[in-house]
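Fold and contact review
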Amino acid sequence: MIHADTQGFEGKRAPSLCSMHSPDEGNTRVLRKIDIHPGVTRRGNLDGHTTTALVVDVETTGLDPASDVIIELAMRRFRYDEDGVIVEFGRGWTWREDPGFPLSPEIVALTGLTDADLASQFIDDDVVHKIINETDLVIAHNARFDRPMLENRLPDMPGRPWACSCEQIDWRAAGFEGRSLGYLAMQAGWYFDGHRALNDVDAVIQLLQHEDTDGTALLYELDKNALSDSHLIEAVGSAFETKDALRARGYRWNAAERVWWREVPDNQLLSEQAWLATEIYASGKGATSMAPRMTRRNAFSRYR
């Protein structure tokens, strides 16, 4: 766990978690609307060591961090104890920003934002910097997208460790199918209105309170995985004929670098090296390199 900063939280009481199922003998599931309010939760250990986390979400003009820009930014901080139990919610923040050019029809349909919604709007860089500076851990549901977009918009943003609730929680082991935010929320018994970045932020926070099959909060798993080192493995020189084996193993194709890659935690590194040595780089497999390229990563360098 990392040290907490306790400033910026209101002292009001937040409502406790609701039951997710109807009493109709399991034949009906009631979906409850996610509704997070600032204040203490009356759960966990508020007086012990706590960590301050910040969930962020962006809406953008497209999917390329190099050429597209943020048109909506939302964030909310919260504090959690050493067991991953959220003890206090902070306020929600939302900014919109005029990109200086008309939105495409596809982005209007996807985000629900129009040119009129963004006209003369801008992100308050000073406030965003202050919030991030008072945060111990930044969380996004797709940090591989959100972090580069945010860092491009705020190149002097304070350096903080990042976590990805999509990748760094084993949703299947926790009893879920898929990893899309709306589907995960529905399976947990919740729903939220789409098209708004702050609604996505609150959906992530709600899901982080969900308990794993062993009774621990999923936030505990995210915290542990985020603060552990991992290894980016790039299967350089792998033969074309081994692409199906790499894909089945969980590798992804990086078109720009023309290489298959995967990221694994420390405790999986040896087994992954053994698999690569046998299936990709062994004699007769056609590889033009002797071994993969490996880069150690941590929560500060991951998802950049």
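Structure's up top.
Only a predicted model underlies this, so the values are computations on that prediction, with no experimental measurement involved.

Two side chains that carry opposite charge are able to pair once their charged atoms sit near each other. Evaluated as defined, the whole model comprises 24 salt bridges. Here Arg77 makes a salt bridge to Glu134, at a shortest N to O gap of 3.6 Å. Separated by 57 residues along the polypeptide, Arg77 in strand β4 (residues 70-80) and Glu134 in the loop between α3 (125-133) and β6 (137-140) bring together distant segments of the chain. The exposure class of Arg77 is buried, given its relative accessible area of 8%. The class for Glu134 is buried, based on a relative accessible area of 14%. The partner of Glu88 in a salt bridge is Arg79, with the nearest N and O atoms 2.5 Å apart.

The next subject is the packing of aromatic side chains. Under the definition given, this model contains five aromatic pairs. Here Trp93 and Trp95 contribute two aromatic rings whose centre-to-centre distance is 5.7 Å and whose plane-to-plane angle is 10°, an arrangement assigned as stacked. Owing to a relative accessible area of 25%, Trp93 belongs among the partly exposed residues under this scheme. Taken together, a centroid distance of 5.2 Å and an interplanar angle of 85° make the contact between Trp171 and Phe176 edge-to-face. Each member of the pair Trp171 and Phe176 is classed as buried.

Here the focus is the packing of helix α5 (residues 181-188) against helix α6 (residues 197-208). Working note: a packed helix pair is described by the angle between its axes plus the distance between those axes. One way to put it is that α5 packs onto α6 with a least axis distance of 10 Å and a crossing angle of 45°. As judged from the angle between their axes, α5 and α6 are oblique. The element α5 and its partner α6 pack so that their crossing is left-handed. Between α5 and α6, the residues in contact are Leu181, Leu184, Ala185 and Ala188 and Asp200, Ala203, Val204 and Leu207, respectively.

As a further point, take helix α4 (residues 143-153). In terms of burial, α4 is largely enclosed, as eight of its 11 residues are buried. Every buried residue of α4 is accounted for by Ala143, Phe145, Asp146, Arg147, Pro148, Met149, Leu150 and Glu151. Against the buried residues of α4 lie β3 (51-60), β4, β6 and β7 (162-164).

Right, let's get into the sheet that holds strand β11 (residues 259-265). Spatially, the four strands line up as an open sheet ordered β10-β11-β9-β12, and their pairing is antiparallel. Edge strands, defined here as strands with exactly one partner in the open sheet, are β10 (252-254) and β12 (293-297). Ignoring which end each strand starts from, the neighbouring axes of this sheet average 30° apart.

Let us look at the side chain of Glu234. Inspection of the secondary structure puts Glu234 in strand β9 (residues 230-234). Among residues more than four places away in sequence, those in contact with Glu234 are Val259, Trp260, Trp261, Tyr281, Pro292 and Arg293.

Backbone hydrogen bonds are what pair the strands of a sheet, in a parallel or an antiparallel way. Reading across from one edge, β2-β5-β4-β3-β6-β7 is the order of the six strands in this open sheet, with mixed pairing throughout. Each edge of the open sheet is held by one strand with a lone partner, namely β2 (39-40) and β7. Bridge count for β6 against β7 is three bridges, and the pairing is parallel. Across the sheet, Val138 pairs through a bridge with Trp162, a residue of β7. The strands touched by α3 within the sheet are β3, β4 and β5 (86-96), with β5 carrying the most contacts at an inclination of about 160°.

How each quantity is defined
Residues numbered from 1 in each chain as written. Predicted model: local features only at pLDDT ≥ 70, side-chain atom pairs only at ≥ 80, totals over all residues. Heavy atoms only, no water. Salt bridge = Lys/Arg side-chain N within 4 Å of Asp/Glu carboxyl O. Helix = DSSP H or I, 4+ residues; strand = E, 2+ residues; numbered from the N terminus. Buried < 20%, exposed > 50% of the residue type's maximum accessible area, 1.4 Å probe, protein only. Phe/Tyr/Trp six-rings, centres within 6.5 Å; stacked < 30°, edge-to-face > 60°. Axes fitted to C-alpha atoms, helices over the stretch in contact; angles between N-to-C directions. Parallel < 35°, antiparallel > 145°, perpendicular 65-115°, else oblique. Left-handed = near helix turned anticlockwise from the far one by under 90°. Contact = heavy atoms within 4.5 Å. Pairing = 2+ DSSP bridges.

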